[in-house]
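Here's the letter readout for the chains.
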Amino acid sequence: MKKIVISFVVLFITTSLSAQLKQHINPDGVNKPKTYSQVVKVNGGTMIFTSGIVADDTNGTILGKGDLKAQVKQAFENLKIVLAAAGAEFKDVVKMNYYVVNYKPEQIPMIREVRANYLPVENPPASTLVGVAALFNPDVLIEIEAVAVIRKEKKK
């Protein structure tokens, strides 16, 4: 019986520490979006900043040429690998920036559909999407940056 009580206390303390690390805020007076948070406040932790992640393979070959949905999926898969290398997961992401070549508003549902397979529904990160004329390579249609925060360094 004591083990159960101790486990509950450890779970409660761990949950409390996690809740203290990040606070997702959608204040009164502004839009309260469902797919991102207006503000994510971070108290302590280790910050992780990614470079712009694109839909390329390990040789740098761009995948999904001409197909934005395929590139969004591949960029998220690459981002998952990059975050894991730093000891983070998508639940640790507090801010994302998307750069979409020749962006059109009708593309947002597709981007959100793919993104929903990776990001938490509850307490999603703060987010910005910017339409751009071009990126570093004419075959790249999207580039994604992320900022994540973890409580402490995880051992590899």
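Refer to the structure printed above.
The following paragraphs examine the structure supplied in this document. The structure displayed is predicted, hence computed values, not measured ones. (Residues numbered from 1 in each chain as written. Predicted model: local features only at pLDDT ≥ 70, side-chain atom pairs only at ≥ 80, totals over all residues. Heavy atoms only, no water.)

Next up on the list: the overall build of the protein chain. Scanning the protein chain from N- to C-terminus turns up 3 helices and 6 strands. N-terminal to C-terminal, the α/β element order of the protein chain is α-β-β-β-α-β-α-β-β. Buried positions account for 34% of the 156 residues belonging to the protein chain. Long-range pairs, those at least 24 residues apart, make up 73% of the contacts in the protein chain between residues at least 6 apart in sequence. (Helix = DSSP H or I, 4+ residues; strand = E, 2+ residues; numbered from the N terminus. Buried < 20%, exposed > 50% of the residue type's maximum accessible area, 1.4 Å probe, protein only. Contact = heavy atoms within 4.5 Å.)

Each α-helix winds once per 3.6 residues, and so residues spaced three or four apart point in a common direction. Buried within helix H3 (residues 108-115) are the following residues: Ile 108, Met 110, Ile 111, Val 114 and Arg 115. Across the axial projection of H3, the buried residues extend over an arc of 165 degrees, all falling on one side. The inward-facing, buried residues of H3 abut helix H2 (68-85), strand E4 (93-101) and strand E5 (126-132). (Arc of directions from axis to C-beta.)

Here the focus is the nonpolar core. Counting 25 residues, the largest nonpolar core has Leu 68, Val 72, Phe 76, Leu 79, Phe 90, Met 96 and Ile 144 as the members making the most contacts within it. Counting residues per element, the ones that place at least two in this core are H2, E4, H3 and strand E6 (142-150). Per-element tally for this core: the top contributor is H2, with 6 residues. With residues up to four places along the chain from it excluded, the contact list for Leu 68 reads Val 100, Gln 107, Met 110, Ile 111, Leu 141 and Ile 142. (Core = buried A, V, L, I, M, F, W, Y, C linked by side-chain atoms within 4.5 Å.)

The next thing to look at is the pairing of E6. Burial analysis of E6 places 8 of its 9 residues in the buried class, which makes it a mostly covered element. Across 4 bridges, the pairing between strand E3 (residues 46-49) and E6 is antiparallel. Pairing of Met 47 across the sheet is with Val 149, part of E6. In terms of strand pairing, E4 meets E6 through 7 bridges, oriented antiparallel. Considered in E6, the bridge of Lys 95 is made with Val 147. (Pairing = 2+ DSSP bridges.)

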